[in-house]
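Read off the chains here:
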Amino acid sequence: MFTDRQPRSFLDPAVLARLAAVPLLARRPMVGTVSGRHASPHRGSSVEFAEYRKYVPGDDLRRLDWRAFGRSDRHYVKEYEADTNLRLCLVLDTSGSMEFTSGGVTKIEYARRICGALGYLASQQGDAVGITCVAGGIVRTLPPRRSPAHLRLVFDVLEEAKPAGPTRLPEVLHEIAETTRQRAVVAIVSDLFCEPETLATAFSHLRFRRHDVAAFHLLDPQELAFQFQRPTRFLDMEGGGAIFADPIDITDRYHRAMEAYLANLRRVVLESAVDYHRVVTDQPYEQVLARFLVGRAAGRGLR
Amino acid sequence: MTFLQPWVLVALPLVALPLIIHLINQRRFQTVRWAAMQFLLAAKALSRGYSRLRHWLIMALRMAAVAAVILAVGRPLSRGWLALAGGGRPDSAIVILDRSPSMQAVATAGGESKLDTGRRQLADSLATLRAGRVLVLSDPAKGPEEVASPAEIVELVSAGPVAAASDLPALLQSGYDFIRENAAGTTELWICSDQRANDWKPDDGAWGGIRDAFAKLPQQVRVQLLSYAAPAPGNVAVRASNVRLETVGRDRRLVVTVAVSRQDDGGRLTLPVKFEIGGISTAVDVELTGREAVLKNHVIPLERSAAARGWGRVSIPADANLADNDFFFAYDAPPPRRSLVVAEDPAAGRVLELVAAIAPDKAVALVDLVPPGGLAAAAWDEAAALFWQGPLPEGRDAELVQAFLGRGGQVVFFAPDRPTTAEFVGCAWSEWTAPAKPATAESWRTDQDLLANTLAGSALPLGDVEIRRSCGLSGDLVPLASLPGGAPLVARASRAEGVTFVATTPAPRDSSLAAEGVVLYALVQRAIDRGLTVLGGARQADAGTATAENARACGTWTRQGGAAASTEAGFHAGVFACGDRLVAVNRPVAEDTALPVADERIDALFRGLSFQRITGTAGDTDSIVQEIWRAFLIAMLLALVAEGLLSLPRPAAADRAAKTSRPLEAAA
């Protein structure tokens with residue numbers, strides 16, 4: 001599939017091959033357009049028995065269970081679960097803060113790897129993949145499509161994503177919730193540097209629309225540890241002002257603020273049933289995705 | 001605080017080093033593009049109280065650690081309770097010792113006396129200070145005595161206790177003379193004293209001159225007073241007076257008046273007062289309820305075979321000060337009451353002869369009326385007093401009178417008919433004054449001297465005496481009685497002991513002294529009594545410079561009892577034989593009564609000089625000066641440990657950082 005283009009820097013075939021062993025599953029039934037490997041709220045023609053239903057005129061006589069008729073002298077129609085495909089909406093935060101790195105990989109690069117891998121895995125199992133780049137608003141968006149050519153477009157968007165501007169993630173999530181009519185897996189890859197309360201309403205909105213929301217919360221190790229030795233002038237990467245601070249003076253309070261934020265965020269994602277993953281960017285993204293996929297595979301069967 | 005190496009203190013500005021490093025660090029800030037600004041803003045908004053306090057505490061501890069290191073290297077010395085004073089190692093240290101009996105007091109029974117404690121503490125301190133030269137000054141006449149090492153102060157004989165009072169102004173003057181002539185560089189004067197008023201003489205006019213002299217010295221002089229002013233608890237002093245030998249028939253008896261006194265108002269105390277005379281001891285209980293109890297005219301019978309001349313001792317049991325528990329006395333058959341009368345006016349001469357010839361007791365009173373030209377042939381050695389009415393003596397006559405005064409005789413000058421310009425002991429007669437109406441004395445001293453009240457407390461009727469004319473007086477005089485207008489009627493010469501001037505005569509044309517004879521009689525007989533005290537075979541003397549001079553003049557000064565043999569004759573209590581006389585030497589009466597001079601008064605005496613007072617206690621085993629660099633090193637270590645503890649991240653913060661940095665592992 002990459003024969004006509006240069007290999008994408010954020011895709012590692014070896015990692016993708018290993019991750020392909022675990023399917024990407026939705027945590028709730030999806031409404032797809034074609035047959036797939038995801039549970040559907042409707043009855044279908046899979047091999048998995050669902051229930052018996054009384055025959056009503058107009059039903060396909062081929063579905064009539066003659067054995068049941070023989071035992072009970074009543075007409076029952078045998079129904080099976082429907083398997084369908086899903087829509088994977090990747091929400092990539094491209095605000096200025098995503099460019100931060102304390103020496104390793106930048107958060108945007110890390111996000112590209114996660115998004116690229118998820119998109120590839122979904123596409124491989126026949127699911128539709130779309131992407132929305134978010135900063136001060138929706139920077140760029142591609143609706144979910146199933147074709148491999150569309151996946152290439154998604155990769156192009158990932159590759160061209162440049163971090164800039166402020167974060168207005170909650171507003172964009174509301175917009176996505178409103179505009180994505182059918183159920184989808186919404187995978188948010190962001191540093192979530194906004195108020196947890198505003199995120200809570202956005203997550204609730206998506207949940208109300210029956211979307212399966214997953215969040216990859218990207219944090220740089222330095223953002224957690226805040227280990228500075230010298231007085232430092234901090235320039236806001238999202239265009240705000242600068243702050244001068246002595247680490248001796250402020251580290252303790254920074255940690256307290258960070259701790260309060262993380263606790264609030266944890267409460268919000270628990271209340272909103274968001275599949276939340278806090279990711280420190282010095283961790284291998286393969287490990288993060290494997291944990292994500294395995295966690296979902298364990299919940300397979302929910303309809 | 002004093003430092004042995006004060007030049008190290010030049011490095012004290014290094015204390016600001018942590019602050020400077022902090023400020024430089026502040027200027028060496030780095031710029032970082034930062035994503036998680038919302039937490040920084042939140043951190044800025046949070047309370048900064050503890051963080052800021054910790055920050056400044058760490059800074060203060062770092063500065064304290066640097067200061068402690070510098071101070072420790074400077075080898076600090078503690079003086080007393082870390083009293084603050086400048087200074088370092090002195091080039092010379094002069095130790096001025098107050099060796100008076102009051103310095104023999106101890107704080108606890110069997111403990112070290114104030115003097116011994118002071119000597120030991122000074123020896124230790126000066127050894128620590130490593131003064132270039134150490135000198136001991138205990139006698140102003142001898143001047144400072146250099147010792148090879150400070151430890152010798154403890155052993156030095158001339159630094160030992162004496163019965164004489166100290167003369168601090170004279171000692172300081174002697175110290176000043178030595179510094180001016182010998183000492184170069186920084187000098188420390190260490191005064192070891194209990195601040196008694198009779199030793200310090202704070203009212204002495206010499207203090208001003210001494211203070212100014214020290215202030216003008218080119219050398220830096222620091223005065224350190226090692227004060228042991230705390231009173232000796234429960235100390236009682238004993239003293240005998242009015243010792244006389246009486247003969248009743250064939251029996252002899254000794255009449256003694258004994259006084260026991262104390263400086264605090266203790267409870268009722270019964271003291272066994274012990275008399276030792278010729279190896280025989282007797283004792284009598286004296287009850288002390290207030291500050292003083294007097295056993296008046298206590299009679300001690302003597303054996304018939306006992307000699308008319310002898311000596312004895314009165315003592316009380318040991319208490320907080322052993323030096324005032326004994327008092328020596330000597331006695332002898334009373335000498336004849338011989339007096340000399342020199343009068344140019346026969347009327348006045350007759351009156352004086354008559355008044356001098358009537359003894360107050362049964363003793364024979366002899367009066368020699370000496371003509372003006374017969375002074376050389378007069379019985380000077382046997383006379384107790386000289387009554388002189390006429391121009392002041394000059395030439396050979398003056399020398400004879402001076403010699404008479406020198407051996408303790410009393411001289412009373414009455415006004416001459418024709419005053420001359422002659423001067424005697426700094427005094428001279430001037431013109432006669434005859435008021436229109438006879439004057440009477442306006443005021444006179446009733447507490448002491450020749451016009452004092454009687455023993456019963458009655459005042460002499462000097463106010464009844466009419467002064468018809470009076471002669472003016474000039475010179476160094478202390479008025480004993482004054483006429484209206486302030487002119488002296490009776491005055492004592494301040495330059496010489498035993499010289500009294502009366503600005504009129506007993507002649508009827510000049511005054512009614514003869515007619516109102518009581519005053520004249522009391523004055524004459526008291527002068528004779530005073531003169532008698534130095535006659536006879538026994539006399540009392542106060543230990544001190546004057547007695548020491550008499551001892552030297554004596555030729556043979558042999559100890560009879562009391563003090564151990566010493567080279568400082570006249571300074572120790574005891575009974576001594578001076579030729580054919582017995583001299584009982586005791587501490588001056590002021591040693592028993594003088595109170596400590598207030599600290600403020602002492603401070604005022606040294607105002608303008610570098611002066612420091614260190615309060616000590618008798619028996620105190622601590623050194624007044626000791627090196628305390630170890631304390632500063634410990635302080636530095638404590639400061640560094642505290643700084644380290646404060647710099648450590650708090651446990652809660654550390655846990656938080658650990659949790660937040662590895663959320664996935666923490667969740668797992």
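Residues numbered from 1 in each chain as written. Chains lettered and ligands numbered in written order. Predicted model: local features only at pLDDT ≥ 70, side-chain atom pairs only at ≥ 80, totals over all residues.

Student: I would appreciate a short explanation of the overall build of chain A in the present structure.
Tutor: Along the backbone of chain A there are 9 helices and 10 strands. Counting all 303 residues of chain A, 42% fall into the buried class. Considering only residue pairs separated by 6 or more positions, chain A has 78% of its internal contacts joining residues 24 or more positions apart. (Helix = DSSP H or I, 4+ residues; strand = E, 2+ residues; numbered from the N terminus. Buried ≥ 20, exposed ≤ 12 C-beta atoms within 10 Å, placed from the backbone. Contact = placed C-beta atoms within 7 Å.)

Student: Teacher, can you tell me more about the overall build of chain B here?
Tutor: The secondary structure content of chain B amounts to 17 helices and 32 strands. The buried share among the 668 residues of chain B stands at 40%. Across chain B, every contact between residues at least 6 apart in sequence was considered, and the portion connecting residues at least 24 apart equals 75%.

Student: Can you walk me through the sheet that holds strand E6 (residues 185–190) of chain A in this structure?
Tutor: Note: strands within a sheet are paired through backbone hydrogen bonds, in either parallel or antiparallel orientation. Residues and elements named next belong to chain A. Strands sit in the order E5-E4-E3-E6-E7-E10 across an open sheet of 6 strands; the sheet is mixed. Since the sheet does not close on itself, it has two edges, and those belong to strand E5 (138–145) and strand E10 (275–280), each with one partner. Looking at each pair of strands side by side, their axes are set apart by 15° on average, direction ignored. Bridge count between strand E7 (residues 212–219) and E10: 6 bridges; the pairing is parallel. What sits directly across from Leu219, in E10, is Val280. (Pairing = 2+ DSSP bridges. Axes fitted to C-alpha atoms, helices over the stretch in contact; angles between N-to-C directions.)

Student: What should I look at first to understand the nonpolar core in this one?
Tutor: It is characteristic of soluble globular proteins that their nonpolar side chains tend to be buried jointly. Judged by nonpolar contacts, the single largest core of 86 residues is most densely connected at Leu88(A) and Val189(A). Top element by residues in this core is helix H3 (residues 107–124) of chain A. It accounts for 10 residues. Residues contacting Val189(A), with those up to four places away along its chain left out, are Leu90(A), Val91(A), Leu92(A), Asp93(A), Ala111(A), Ile114(A), Cys115(A), Phe216(A) and Leu218(A). Core analysis: the second largest hydrophobic core is formed by 64 residues, Leu386(B), Trp388(B), Cys427(B) and Val499(B) among them. (Core = buried A, V, L, I, M, F, W, Y, C linked by C-beta atoms within 7 Å.)

Student: When you look at the packing of helix H1 (residues 17–27) of chain B against helix H3 (residues 49–73) of chain B in this model, what are you seeing that I'm missing?
Tutor: Residue and element names in this part refer to chain B. The contact between H1 and H3 brings their axes to 8 Å, and the two run at 135°. The angle between H1 and H3 falls in the class oblique. Packed against H1, whose contacting residues are Leu17, Pro18, Leu19 and His22, the element H3 presents Met59, Arg62, Met63 and Val66 at the interface. Class assignment of the residues belonging to the contact of H1 with H3 gives a composition of 6 nonpolar, 1 polar and 1 charged. (Parallel < 35°, antiparallel > 145°, perpendicular 65-115°, else oblique. Nonpolar A, V, L, I, M, F, W, Y, C, P; charged D, E, K, R; others polar.)

Student: Quick question: what am I supposed to make of unusual backbone geometry here?
Tutor: Among all residues save glycine, negative phi is the norm, and among peptide bonds the norm is trans. Residue and element names in this part refer to chain B. With a phi close to 65°, Gln195 is a non-glycine residue in the positive phi region. Within the fold, Gln195 resides in the loop between strand E7 (187–193) and helix H7 (197–200). Residue classification places Gln195 among the buried positions, given that 25 C-beta atoms sit within 10 Å.

Student: Even after reading the chapter, I still don't get the sheet that holds strand E21 (residues 427–433) of chain B, so can you show me in this structure?
Tutor: Residue and element names in this part refer to chain B. One open sheet accounts for 3 strands, arranged E20-E21-E23; its pairing is antiparallel. Edge positions in the open sheet fall to strand E20 (423–424) and strand E23 (470–475), since each of these has one partner strand only. Across 5 bridges, E21 lies against E23 in antiparallel orientation. Along E23, the bridge assignment pairs Trp429 with Leu473.

Student: What is the right way to look at the interface of chain B and chain A in this model?
Tutor: Where interface size is quoted, it is often the accessible area lost as the parts come together. Across the boundary between the two partners, chain B contributes 29 residues, which contact 36 residues of chain A. Those elements that provide at least two residues to the side of chain B that touches chain A are H1, strand E2 (30–34), helix H2 (37–45), H3, helix H16 (651–661) and helix H17 (663–667) of chain B. Here the element with the most residues in the side of chain B that touches chain A is H2(B); it accounts for 7 residues. Bridging between strand E8 (residues 232–236) of chain A and E2(B) involves 5 bridges; their strand directions are parallel. Of the residues in E2(B), the one forming a bridge with Thr232(A) is Gln30(B).

Student: For this particular structure, what's the right way to read the environment of Thr545(B)?
Tutor: Locating Thr545(B) in the fold gives a position in helix H12 (residues 545–554). Using a count of 17 C-beta atoms within 10 Å as the deciding quantity, one classes Thr545(B) as partly exposed.

Student: Would you explain the confidence of the model for chain B in this entry?
Tutor: As a note on interpretation, predicted positions should not be read in detail where pLDDT is low. Predicted confidence across chain B gives a mean pLDDT of 85, with 93% of residues reaching 70 or more. Here residues 661–668 of chain B is a poorly scored stretch, pLDDT under 50, and it has 8 contacts once near neighbours within four places are set aside; other chains count. (pLDDT = per-residue confidence, 0-100.)

Student: How should I be thinking about the environment of Asp93(A) in this particular structure?
Tutor: All names here are of chain A. Take Asp93: it is sitting in strand E3 (residues 87–93). In this structure, the C-alpha to C-alpha distance between Asp93 and Asp191, residues 98 residues apart in sequence, is 7.6 Å. Contacts of Asp93, omitting those with residues within four sequence positions, involve Met98, Ala111, Val134, Thr167, Leu169, Val189, Ser190 and Asp191.

Student: Explanation requested: the pairing of strand E16 (residues 337–343) of chain B in the structure shown.
Tutor: The side chains of a regular strand alternate between the sheet's two faces. Residues and elements named next belong to chain B. Taking burial as the measure, the 7 residues of E16 include 7 buried ones, the bulk of the element. Of the two faces of E16, the one carrying Arg337, Ser339, Val341 and Ala343 and the one carrying Arg338, Leu340 and Val342 are both buried. The sheet contact formed by E16 and strand E17 (residues 365–369) spans 5 bridges and is parallel. The residue of E17 that forms the bridge with Ser339 is Val367. Each parallel crossover has a hand, and for E16 linked through helix H9 (residues 346–357) to E17 it is right-handed. Where E16 and strand E18 (residues 383–389) come together, 6 bridges link them in parallel fashion. Counterpart to Val342 in the pairing with E18 is Trp388. (Right-handed = clockwise from strand over helix to strand, strands pointing away.)

Student: Explanation requested: the environment of Phe501(B) in the structure shown.
Tutor: All names here are of chain B. Positionally, Phe501 belongs in strand E26 (residues 499–502). With 28 C-beta atoms counted inside 10 Å, the residue Phe501 sits in the buried group. Once residues lying within four places of it in the same chain are set aside, the contact partners of Phe501 are Phe413, Cys427, Leu473, Leu477 and Ala491.

Student: I keep staring at the pairing of strand E24 (residues 477–482) of chain B and nothing clicks. Help me out?
Tutor: All names here are of chain B. Taken together, the 2 bridges between strand E22 (residues 443–444) and E24 define a ladder with antiparallel strand orientation. Across the sheet, the residue bridging to Trp444 is Ala481, located in E24. A loop of 5 residues connects E24 with strand E25 (residues 488–493), the two strands running antiparallel in sequence, and Gly485 in this loop sits at a positive phi of about 100°.

Student: What am I meant to see in helix H10 (residues 395–406) of chain B here?
Tutor: Residues that lie three or four places apart on an α-helix share one face, since the helix turns once every 3.6 residues. Taking 1.5 Å per residue as the helical rise, H10(B) with its 12 residues ought to reach 16 Å, and the 16 Å between its terminal C-alpha atoms agrees with that figure. Just beyond H10(B), the residue with positive phi is Gly408(B), at close to 105°. (Expected span 1.5 Å × (residues − 1).)

Student: Looking at this model, I keep getting lost on helix H6 (residues 196–208) of chain A. Mind explaining?
Tutor: Residues and elements named next belong to chain A. The terminal C-alpha atoms of H6, which comprises 13 residues, lie 18 Å apart, in line with the 18 Å expected from a rise of 1.5 Å per residue. When H6 is considered as a whole, its buried residues turn out to be Leu199, Ala202, Phe203 and Leu206. Across the axial projection of H6, the buried residues extend over an arc of 100°, all falling on one side. Exposed and facing more than 90 degrees away from the buried side of H6 are Glu197 and Phe208. In the core, the buried residues of H6 are packed alongside helix H5 (169–179), E6, E7 and helix H8 (247–271). Backbone geometry just after H6 places Arg210 at a positive phi near 65°. (Arc of directions from axis to C-beta.)

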